Amino acid sequence: QVQLVESGGGLVQAGGSLRLSCAASGRTFSTYAMGWFRQSPGKEREFVAAISWSGVFLYSTDSVKGRFTISRDNSKNTVFLQMNSLKPEDTAVYYCAARRGPNSDSSERYDYWGQGTQVIVSS
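Residues numbered from 1 in each chain as written. Predicted model: local features only at pLDDT ≥ 70, side-chain atom pairs only at ≥ 80, totals over all residues. Heavy atoms only, no water.

J.: Help me out: how do you make sense of the pairing of strand β3 (residues 18–24) in this one?
T.: It is a general feature of regular strands that their side chains alternate between the two faces of the sheet. The buried fraction of β3 is high, at 5 of 7 residues. As defined by bridge partners, β3 adjoins strand β8 (residues 78–83) across 6 bridges and the pair is classed as antiparallel. Bridge pairing in β8 links L20 to L81. (Buried < 20%, exposed > 50% of the residue type's maximum accessible area, 1.4 Å probe, protein only. Helix = DSSP H or I, 4+ residues; strand = E, 2+ residues; numbered from the N terminus. Pairing = 2+ DSSP bridges.)

This is the structure in structure tokens:
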């Protein structure tokens, strides 16, 4: 069992930055691929970024590429999402998720989810 707790969300002006954190319980964190997803009211949950257990492979959707960076610190059981040049359309609840195996952009492939952290970007 893995428990995930996100933090770092908040209100920020367009063009600003936020760093989300996701702290995981369990001694096998380093073996999990980690993903970030987001969901806005009335929209489907959207994949944002994922990082493999080793941190070598990572990718993100075109909408955030070049602005968001995912990273992880296995010694602290934590995955991060650095968000720069934020836009109002980035407003959403951001969720982290964990799965055994390789990266995936499909929410259905993730086994564990956090409760989410709200990000609001004002124009």
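Don't stop here, the text continues.
J.: I keep staring at the sheet that holds β3 and nothing clicks. Help me out?
T.: Sheet strands pair by backbone hydrogen bonding; their relative direction is either parallel or antiparallel. On the basis of which strands lie adjacent, the open sheet formed by 4 strands has the order β1-β3-β8-β7 and antiparallel pairing. Here the strands that pair on one side only, and so sit at the sheet edges, are β1 (4–7) and β7 (68–73). The sheet shows a mean angle of 15° between the axes of neighbouring strands, taken without regard to direction. Taken together, the 6 bridges between β7 and β8 define a ladder with antiparallel strand orientation. (Axes fitted to C-alpha atoms, helices over the stretch in contact; angles between N-to-C directions.)

J.: I tried to follow the state of the cysteines on my own but got confused; where do I start?
T.: One covalent bond between the sulfur atoms of two cysteine residues makes up a disulfide. Applying the stated criterion to the full structure yields 1 disulfide. Across a sulfur-sulfur distance of 1.9 Å, C22 and C96 are joined as a disulfide pair. Because the sign of the S-S torsion sets the handedness, a value of about 45° for the bond joining C22 and C96 places this disulfide among the right-handed ones. Placement of C22 in strand β3 and of C96 in strand β9 (residues 92–100) is noted, with a sequence separation of 74 residues between them. By the burial criterion, C22 is buried, and C96 matches it. (Disulfide = S-S within 2.5 Å.)

J.: How should I be thinking about the pattern of salt bridges in this particular structure?
T.: When the charged atoms of two side chains lie near each other, side chains of opposite charge can form a pair. According to the stated counting rule, one finds 3 salt bridges in the structure shown. Between E46 and R38 there is a salt bridge, with the nearest N and O atoms lying 2.8 Å from each other. The class for E46 is partly exposed, based on a relative accessible area of 30%. Accessibility expressed as a relative area gives 6% for R38, which makes it buried. (Salt bridge = Lys/Arg side-chain N within 4 Å of Asp/Glu carboxyl O.)

J.: Just checking my understanding: could you explain the environment of Y94 for this structure?
T.: Mapped onto the elements of the fold, Y94 is located in strand β9. Of the residues examined, Y94 reaches a relative accessible area of 0% and is grouped as buried. C-alpha separation for the pair Y94 and S7, spaced 87 residues apart in sequence, amounts to 9.5 Å. Y94 has contacts with E6, L20, W36, F37, R38, V48, F68, L81, M83, G116, T117 and V119, leaving out every residue within four places of it along the chain. (Contact = heavy atoms within 4.5 Å.)

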